[in-house]
Amino acid sequence: MSSNGQHTLTEIMSQPSIWKDVLQSFGSNQTGILNSWNQLSPSDVLFVGCGSTHYLSQTAAALFQSLTGVPSRAFPSSEVLLFPSQVLSNPRETLLVAISRSGTTTETLQAVNKFRAEGGRAVWAITCYPDHDLVQISDLALLAEAAHEKSVAQTRSFSSMLLLAKALAATVSGIEISSLDSLPIVLRQVLENAGDLFVSLGQRLDLQRMFFLGSGFQYGIANEAMLKMKEMSLTNSEAFHFLEFRHGPMSMANEEALVVGLLSEEAQAHEEQVLAEMVSLGAETFGLNTRSNSCCHYQVGFNVNLPPWVFPALYLPPLQLIAYYRAISKGLDPDNPRNLEAVVSLDPAAFAIA
Ligand code: F1P
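Cut-off values and rules
- For every chain, the first residue of its written sequence is number 1, and the numbers climb from 1 along that sequence.
- Thresholds applied to this predicted model are a pLDDT of at least 70 for local features of residues and 80 or more for the giving and counting of side-chain atom pairs; totals over whole chains, interfaces and linings are not thresholded and use all residues.
- No hydrogens and no water enter the side-chain calculation; it runs on all heavy atoms of the structure.
- For each residue, the accessible area found with a 1.4 Å probe, counting protein chains only, is set against the maximum for its type, and the residue is called buried under 20%, exposed over 50%, and partly exposed in between.
- Think of it this way: any DSSP run of H or I at least four residues long counts as a helix, any run of E at least two long counts as a strand, and we number them from the N terminus.
- Paired strands, as defined in this entry, are two strands with at least two bridges between them according to DSSP.
- Here, a salt bridge means any Lys or Arg side-chain nitrogen found within 4 Å of an Asp or Glu carboxyl oxygen.
- What counts as an axis is a line fitted to C-alpha atoms, over the stretch in contact for a helix, and the angles between N-to-C directions run from 0 to 180 degrees.
- Pairs of residues are marked as contacts when any of their non-hydrogen atoms sit within 4.5 Å.

Peer 1: An account of the pairing of strand β1 (residues 44–49) is needed here, citing residue identities and associated values.
Peer 2: Counting buried residues along β1, six of its six residues qualify, which places the element largely inside the surrounding structure. Across the two faces of β1 the burial is the same, with Asp44, Leu46 and Val48 and Val45, Phe47 and Gly49 all buried. In the sheet, β1 pairs with strand β3 (residues 94–100) via five bridges, with the strands oriented parallel. Within β3, the position partnered with Val48 by the bridge is Ala98. Of the pairings in the sheet, the one linking β1 to strand β2 (residues 72–76) comprises five bridges and is parallel in character. Paired with Val45 across the two strands is Ser72, which belongs to β2.

In structure tokens form, the structure reads like this:
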């Protein structure tokens, strides 16, 4: 039965308060997590997940490597299962971080089993449900229990699990996690100040195609924004590393395209140049960045002084809202995307674990 997207909207708008709860609960377990990391001292870290949680893994791996210096990569869970020799290099020294909202996705559970069978050193989980299978088969779990969702599409669960990955990376690097505390406040301001813009961009049904450009930490977020646009609003959407857009995809840029830039502080000048070129090709452009920009038709600046690793979670809620309002404008129910279930359950026996 249609719920007219009410769950999705509530879940998107609740992110500031949910983030606060999730950070508080991480803080109360921080010392134990740091001790476990120090005992483990892995040579590398592998992040796995499916769909949204694969994209979350991409940002988590980039953050983790950048802050800790420990080589970190991200793969879909199915790649560990089906192509282990292409993914695992030194499992006995590797920490596998399995990310899953539900903690029951078959490919992720089976990737953990495969990793164990290959002699994997340890498995940590990032998830929302302490009682579900993933936690039972992991050595340690970081929980975003406050971020449970009724909607099929992940919104606050994604951003909350991302905050846990950030808090983990900072903790094991000896970096204060207190800078994350300002995120709920900044997000609340963005949602208040730019709410009308997200509604009006969502209502632009003349735009047929959406492109999300992000590099570094923002690449996984750009992918997740692309997925939200597809799931909720059944819109053709693609994500690219920023400068990759010139290498072919920009042939699709015209008056029917919205190009969304998730600008970084580090490479802002290069990224603005790409967006300026898309303006000259006739595309509509929307830029999100840490301060402000003048290269786009529409822009949101977070206008706060924080280190680059703190920002990624802030880019997503505005893009979730645009996908939500587009779905509503098209008469769709974003709580129940077409053809999708909250969890993909497959026959575990189909994946032979040697
Ligand atoms: C992963 C996931 C979701 C997606 C879909 C099916 O679930 O791929 O990202 O929206 O509805 O499942 P999980 O392992 O994170 O629970």
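Having seen it, we continue.
Peer 1: Hey, could you go over the pattern of salt bridges for me, with residue numbers and the actual values?
Peer 2: Considering all chains together, one arrives at ten salt bridges under this definition. For Asp139, the salt bridge is made with Arg116, and the minimal N-O distance between the two is 3.2 Å. Here the residue Asp139 occupies a position in the loop between α7 (133–136) and β5 (140–143), and Arg116 occupies one in helix α6 (residues 106–117), the gap between them amounting to 23 residues. Residue Asp139 is classed as partly exposed on the basis of its relative accessible area, which comes to 47%. For Glu256, the salt bridge identified is with Arg209, shortest N-O distance 3.8 Å. Pair noted here: Glu256 is in the loop between β7 (236–240) and β8 (257–262) and Arg209 is in strand β6 (residues 209–214), with a separation of 47 residues, a long-range link. Given a relative accessible area of 35%, Glu256 falls into the partly exposed group. Residues participating in the shared-partner salt-bridge network are Arg204, Asp206 and Glu284.

Peer 1: Before we move on, can you summarise the environment of Gln39 with the specific residues and values?
Peer 2: Examined against the element boundaries, Gln39 turns out to sit in helix α2 (residues 15–40). A residue is classified by how much of its surface remains accessible, and Gln39, at 67% relative accessible area, is exposed. As for Gln39 and Ser182, which are separated by 143 residues in sequence, their C-alpha atoms are 31 Å apart.

Peer 1: Quick one: what's the story with the sheet that holds β7, residue by residue and with numbers?
Peer 2: Within the open sheet, the five strands sit side by side as β7-β6-β8-β9-β10. Their pairing is parallel. Looking at the sheet topology across the chains shown, the edges are occupied by β7 and β10 (298–301). On average, each strand axis in the sheet is tilted by 15° relative to the strand beside it, whichever way the strands run. Bridge count for strand β9 (residues 284–289) against β10 is four bridges, and the pairing is parallel. When the sheet's bridge partners are listed, Phe286 is paired in β10 with Tyr298. Seen against the sheet, helix α9 (residues 183–202) touches β9 and β10 and runs at an angle of roughly 155° to β10. Taken strand by strand, helix α12 (residues 312–329) contacts β6, β8 and β9, and its axis lies near 145° from that of β9.

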